[in-house]
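Commentary on secondary and tertiary structure
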Amino acid sequence: MACKSILNFIAGSTVTVALAFSGLAQADYPEQSVNYVIPFGPGGESDITARYQQPFFKKLSDQDLVISYKPGGGGAVGWSQLNTMKGDGYNIMGINLPHIVIAPLQKDVGFTTEDITAVSMFHYTPDAIVVREDSPFQTLDDLLLFAKENPKRLLFSGSGKGTANHLAQVRFDEMADIQSTYVAFKGTGDALAALLGEQVLAEWGYTSIGAKHEGQVRLLAVATEARLPHFPDVPTFKELGFDLVSGAYRGIAVPKSTPEDVRTQISNIISDINSDQEFRQRMEKDGMVLLDVSYEKMDAFMQQKSKEYIATAKRAGLIK
Amino acid sequence: MLEYLLQALTPLNLLLALAGVVAGTVIGSLPGLTATMAVAVLVPITFTMPVTSALIMLGAIYTGAIYGGAYAAILLNTPGTPSAIATTFDGYPMAKRGDGDLAVTLACIASVVGGLIGAFFLLLLSPPLAKVALAFGPAEYFWLALFGLTLIAALSQGNLIKGLIGGCFGLLLACVGSAAVSGDIRFTFGSTTMIGGIETVSALIGLYCVPVLIDLVAVPGKHLNVTGEQRGYRLKEALKISWQGKFNLLRSSVIGTFVGILPGAGGSIAGLVSYSEARRASGDKSRFGKGAPEGVQATESANNATVGGGFVPTLVLGIPGTPPDAVILGALLVHGLRVGPDMFTTQGSIVYTFIFGLFIATLLMLPAGLLIGRYAYRFIIAVPKGLLVPTVAFMTIIGAYSIRNNLSDVFIMLVLGALSWVLNRFGFSPSPIVLGLILGRIAEEGFVQSWTIGAATENLVGNFFGRPISMAIIAFIVLGLLYPLIAKQIRMRRLQKELTV
Amino acid sequence: MNNSMSASKTEVRIKRDVGGMVCASLFLLLGAVCLYETTQMTDPDSFMFPRMVITGLMGLSLALIVTSVFKATVPVAEKSQSGAAPSTLRRVLLVAAMMGATLLMPWVGFLLSATGAFIALMLLAQYDPWTKGKLLLYSFVAVAIVAGFYGVFSYLLQVPLPEGSLIQFP
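Residues numbered from 1 in each chain as written. Chains lettered and ligands numbered in written order. Predicted model: local features only at pLDDT ≥ 70, side-chain atom pairs only at ≥ 80, totals over all residues. Heavy atoms only, no water.

Section: the overall build of chain A
Formally: For helices the rule is a DSSP run of H or I covering at least 4 residues; for strands it is a run of E covering at least 2, with both sets numbered from the N terminus onward. Burial here depends on accessible area, computed with a 1.4 Å probe over protein chains only, as a share of the maximum for the residue type. Under 20% is buried, over 50% is exposed, and the range in between is partly exposed. A contact between two residues is defined here by any heavy atoms of the two lying within 4.5 Å. Methods summary: accessible areas were calculated by the Shrake-Rupley approach with a probe of 1.4 Å, and residue burial reflects only the protein chains presented. Charge counting follows a simple rule: Lys and Arg are positive, Asp and Glu are negative, and His as well as the terminal groups are ignored. Note on charges: their place is set at NZ of Lys, CZ of Arg, CG of Asp or CD of Glu.
A tally of regular secondary structure across chain A gives 11 helices and 10 strands. A principal-axis box enclosing the C-alpha atoms of chain A has dimensions of 85 × 40 × 35 Å. When the 320 residues of chain A are sorted by exposure, 59% land in the buried category. Across chain A, contacts joining residues at least 24 apart in sequence account for 75% of those joining residues at least 6 apart. Carbon and sulfur atoms make up 54% of the accessible area of chain A, which totals about 13,200 Å². Here chain A holds 30 positive side-chain charges and 38 negative ones, and the gap between their average locations is 5 Å.

A short note on the packing of aromatic side chains
Under the convention used in this document: Aromatic pairing here means that ring centres of Phe, Tyr or Trp (its six-membered ring) are within 6.5 Å. Orientation follows from the plane angle: under 30 degrees is stacked, over 60 is edge-to-face, and everything else is tilted. In our convention, an over-ring charge means Lys NZ or Arg CZ found within 6 Å of a ring centre and within 35 degrees of that ring's normal.
Enumeration over the complete set of coordinates arrives at 37 aromatic pairs over all chains. These aromatic residues form a ring-pair network of at least three members: F394(B), F110(C), F118(C), F149(C), Y150(C), F153(C) and Y155(C). Above the face of the W243(B) ring, K246(B) is positioned so that its terminal group lies 4.5 Å from the ring centre. Seen from the ring of Y127(C), R90(C) lies directly overhead, with NZ or CZ sitting 3.9 Å from the centre.

Some thoughts on the confidence of the model for chain C
Residue and element names in this part refer to chain C. Worth spelling out the cut-off: A score between 0 and 100, pLDDT records how confident the predictor is in each residue.
Averaged over every residue, the pLDDT of chain C is 81; the share at 70 or more is 82%. Put simply, helix 5 (residues 132-156) is where chain C has its lowest mean pLDDT, 87, and helix 1 (residues 18-39) is where it has its highest, 91. Low confidence marks residues 1-9, where pLDDT is under 50. Its contacts with residues over four positions away, or in another chain, come to eight contacts. Across the interfaces of the predicted complex, the ipTM metric reaches 0.85, alongside a pTM of 0.86.

Some thoughts on the packing of helix 9 (residues 160-174) of chain B against helix 1 of chain C
Pairs of packed helices are described in terms of their axes, by the angle between the two and the distance that separates them. As a reminder of what qualifies: For helices, the axis comes from a line fit to the C-alpha atoms of the stretch in contact; other axes are also lines fit to C-alpha atoms, and the angle between any two N-to-C directions lies between 0 and 180 degrees. In these notes the angle categories are as follows: under 35 degrees is roughly parallel, over 145 is roughly antiparallel, 65 to 115 is roughly perpendicular, and the rest is oblique. Take the far helix as your reference; a near helix turned counterclockwise from it by less than a right angle gives a left-handed crossing, and one turned clockwise gives a right-handed crossing. Three residue categories are used. Nonpolar comprises Ala, Val, Leu, Ile, Met, Phe, Trp, Tyr, Cys and Pro, charged comprises Asp, Glu, Lys and Arg, and polar comprises the others, including Gly.
The N-to-C vectors of helix 9 of chain B and helix 1 of chain C enclose an angle of 30 degrees; their axes lie 12 Å apart at closest approach. In terms of orientation, helix 9 of chain B and helix 1 of chain C fall into the roughly parallel class. Judged by the sense of rotation from one axis to the other, the crossing of helix 9 of chain B with helix 1 of chain C is left-handed. On helix 1 of chain C, the residues touching K162(B), I165(B), F169(B) and L172(B) of helix 9 of chain B are G20(C), F27(C), L30(C) and C34(C). For the contact of helix 9 of chain B with helix 1 of chain C, the per-class residue count stands at six nonpolar, one polar and one charged.

Section: the interface of chain A and chain B
How big an interface is tends to be stated in terms of the accessible area lost upon association of its parts. Our working rule: Accessible area that two parts lose when put together, evaluated with a 1.4 Å probe and summed over both, is termed the buried area. Whenever a nitrogen or oxygen atom comes within 3.5 Å of another N or O atom, the pair is scored as a polar contact, on the condition that within protein one atom can donate a hydrogen and the other can accept it, and that pairs from neighbouring residues in sequence are kept only if both atoms are in side chains.
Residue-level contacts link 46 residues of chain A with 44 residues of chain B. Summing both sides of the interface, chain A and chain B together bury roughly 3,600 Å²; the carbon and sulfur share of this comes to 57%. By the criterion of area lost to chain B, the three top residues of chain A are R51(A), R153(A) and Q199(A), representing 15% of everything that side buries. At the boundary of chain A and chain B, one finds nine residue pairs in polar contact (both at pLDDT 80 or more). Only helix 2 (45-61), strand 2 (65-69), helix 3 (76-80), strand 6 (180-184), helix 7 (188-196), helix 8 (207-212) and helix 10 (277-285) of chain A provide two or more residues apiece to the side of chain A that touches chain B. Among the elements that take part in the side of chain A that touches chain B, helix 7 of chain A stands out by supplying five residues, more than any other.

Considering the side chain of R186(B)
Along the chain, the position of R186(B) falls in strand 2 (residues 185-186). A residue is classified by how much of its surface remains accessible, and R186(B), at 1% relative accessible area, is buried. Polar contacts involving the side chain of R186(B) include one to the main-chain carbonyl oxygen of C175(B), which spans 3.4 Å. In this structure the side chain of R186(B) is engaged in a polar contact, spanning 2.9 Å, whose partner is the side chain of E444(B). Ignoring anything within four residues of it in the chain, the contact list for R186(B) reads C175(B), V176(B), G177(B), A179(B), E444(B), M41(C), D45(C), S46(C) and P50(C).

What to know about unusual backbone geometry
All names here are of chain A. Residue L97 is joined to P98 through a cis peptide bond whose omega torsion reads 5 degrees. Even without being a glycine, D177 presents a positive backbone phi close to 60 degrees. Among the secondary structure elements, D177 is positioned in the loop between helix 6 (164-176) and strand 6. In this structure D177 comes out as exposed when scored by relative accessible area, which is 65%.

Some remarks on helix 11 (residues 235-244) of chain B
All names here are of chain B. Operational definition: Note that the arc is defined by the directions from the helix axis to the C-beta atoms.
When helix 11 is considered as a whole, its buried residues turn out to be A238, I241 and S242. An end-on view of helix 11 places all buried positions within 100 degrees of arc, on one side of the element. Opposite its buried face, helix 11 presents the exposed residues K236, K240, W243 and Q244, each directed more than 90 degrees away. In this structure, the buried side of helix 11 is in contact with helix 6 (100-135), helix 12 (246-261) and helix 14 (293-316).

Regarding the interface of chain B and chain C
Note the cut-off: Whenever a carboxyl oxygen of Asp or Glu lies within 4 Å of a side-chain nitrogen of Lys or Arg, that contact is scored as a salt bridge.
Taken together, the contacts link 63 residues of chain B with 68 residues of chain C. Summed over the shared surface of chain B and chain C, the number is two salt bridges. The partner of D17(C) in a salt bridge is K162(B), with the nearest N and O atoms 2.6 Å apart. Where chain B touches chain C, the interface holds seven residue pairs in polar contact (both at pLDDT 80 or more). Those elements giving two or more residues to the side of chain B that touches chain C turn out to be helix 9, helix 10 (200-218), helix 18 (385-404), helix 19 (407-425) and helix 20 (430-456) of chain B. Counted by class, the side of chain B that touches chain C contains 45 nonpolar, 10 polar and eight charged residues.

Spelled out as structure tokens, the structure:
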């Protein structure tokens, strides 16, 4: 009997000591600069949002956020190498939805959605229908009227098949019972050029395009819950009767081997950056909507999003 | 306007321009380090500077890097940056002939001329040029890519069929990986190495540089045989040749500017198109490919002109004209700058000061470039093979890796290198393969997009053939293909006439 | 590769471009394999262009094989400055060394494998005999170059060079 209680005591104290140490570890993270790998090339929106986060990370944690790039395969190259990185909390990678859900289902891309350990989803750029400033379409109804009278002739440019805006186009076509044509370009830059050059009638893009190119383009509708402060005159799809709230989501993931408490730490820092007023202003000025999906809420969030995306992708014929 | 010029001439900006040009030239000369990378790496430094100075520095780095790619192209047959691909066609033969120093100096002068002309267009004609850029739709890009592919005919002097096979192989390589038009992943055969596709720069190094290394190691003796005394810069000679080739320089710079204006088309395509035109316009086509100075002049002026040209859509439309422009645009956004058509009026001080800064940086490139070029030349000439081969090999490995931080790119580079050597042995030159690789993506996207639009609007033929710019390009293609045949016929007729008289 | 016809022979033999024909056949095979791959693709946008390219590749390869059968060709002999025969062994070893270094990098780390390749290539490219002085000088330069580039790329350009999983150095 005494042996048992001694054993219990030893076990209890070991656990307590261990907890104390991990508590110490928690308090000290980060102790050196953190590598932030972007699975796209420099100059893109993932790069820009990372650069926006950089100075605030330094302010909050007193450590540098070192940005490096691993482009290729629309992010696949980076994500397939995520779990080969050291899971010490000093290696984090940017992730994007719907990419990490859709890509593995299309073909063998070197990773599965379950391989990605997401710790935070900190913003999304809402989908929006973009038209030229001088376009005859003044409201979404104008567009719908044209689409109904001319099936298939409503040409939308977009940043690529399988991207958030493509999925939005598929869902909207279904909701509005119209047939539009999606012309896939390589990235938002090319899609915008096609719109401005009148190769297409409208673009399925993002609010960030409206923000960056004010005066050249207009937004007909945005896919958010409520009207955006930066675009007070632009109705949401919801207002107009279409339950479309979506966009390109960005978040942070860590290698699988990263311990639980470190994951929470990282999630907290990212959330703290999100609470910073200056950061919020910068992001919102560019048309982005900040989110609060921290590590605890991640599983539920991913499940819901995956269900949506998979259903849409199947309808679009992207996956079987 | 004058006050902007004075602003560009402040000591800080001058220093940044010079430092940028030097840094850019050195980085661009290393195979594997591209202009995009050079700009991306140095962007964080610019965050502490005022916007105008940051822009000047980034523009200077960009200019220097595009020029720096010529060194390795001329002396090692390896384009230091993709924009220097066409420089290898005549640059390397010149070096082998012992005229490497002349080629390097010519490249410097041509780069400066091209850069100045590109900046000139940027200064005076940005808004209308931006409209021209927008008029290029998917069909136009497709035909332009096809036009570039007709260069294969010129590059495969020996055997047209082999050249075309190489071109098709290159086009096939371009399809590997994820396709932009369909989101599908193709031709990876289950390997995760190939998901990212065949990266252009590592493929270039593999196809051009590795065979050179393989051959260097095979026989003793020096790499480039330079007989006689050191002839210094050969500046007088180079200036004379440059003056003689002034129309070539002018035409190539204009071509380069216009290609730079088109989003998605950069220095590599500018160099190829201007090379093709220079060859077509010259009296003696057979000299091209064997060390004709006009070839080097045409490509180097064109690719530096894309610097100025590329800023047109970048600043006016907010759409990057070339990959480094995308990075610069991102940096501008972080600085809080908004680009757009009214940028020239509302933010005139920043824009005009920057453009003048670009002029100055380009001018500074002449002395800086000549100096660096001389040392690069001396270095490559003097270094014994025992050190040259491992150094270059080491550079290619680290360079190919750094492009995407991916070891697979190094692997692909080596495989393509061995393949290229074998194919070259049997008469398949690597240049058509490179052409196919670079132009394949543009051609495919343009084709599929045009097809989608044409099918949806039920105007397939009209969409491809009916657009004015497309028709002009198609005319050029047909002319380019038929002209040699027609010229031959005319010559035959003339000969016959002379014989019968 | 065969050299040109020797004068002592009385018969005239047509030298065919065997190398070219073999390459063309390999391209034909590659085309067939890739064509099969395209049948696995569901989206017409995916296989439209590749099929056109593969058709061109296979058609041209066939044309090359057919025309080579009937065309006599004089293969280009390799020119060498010093008159010595080019060493195939060194060539193969060069590629093998670089390939080996790349394959070892995930295990051994960048610095060690690249240095190994550097040394191997140094030996391969050296034709003149080694003297003590040369050995010393070359080793010094080798270390300087490798260290210099490593420093520039790793610290200045912040490129995350591969770290070995078995051996970590530095």
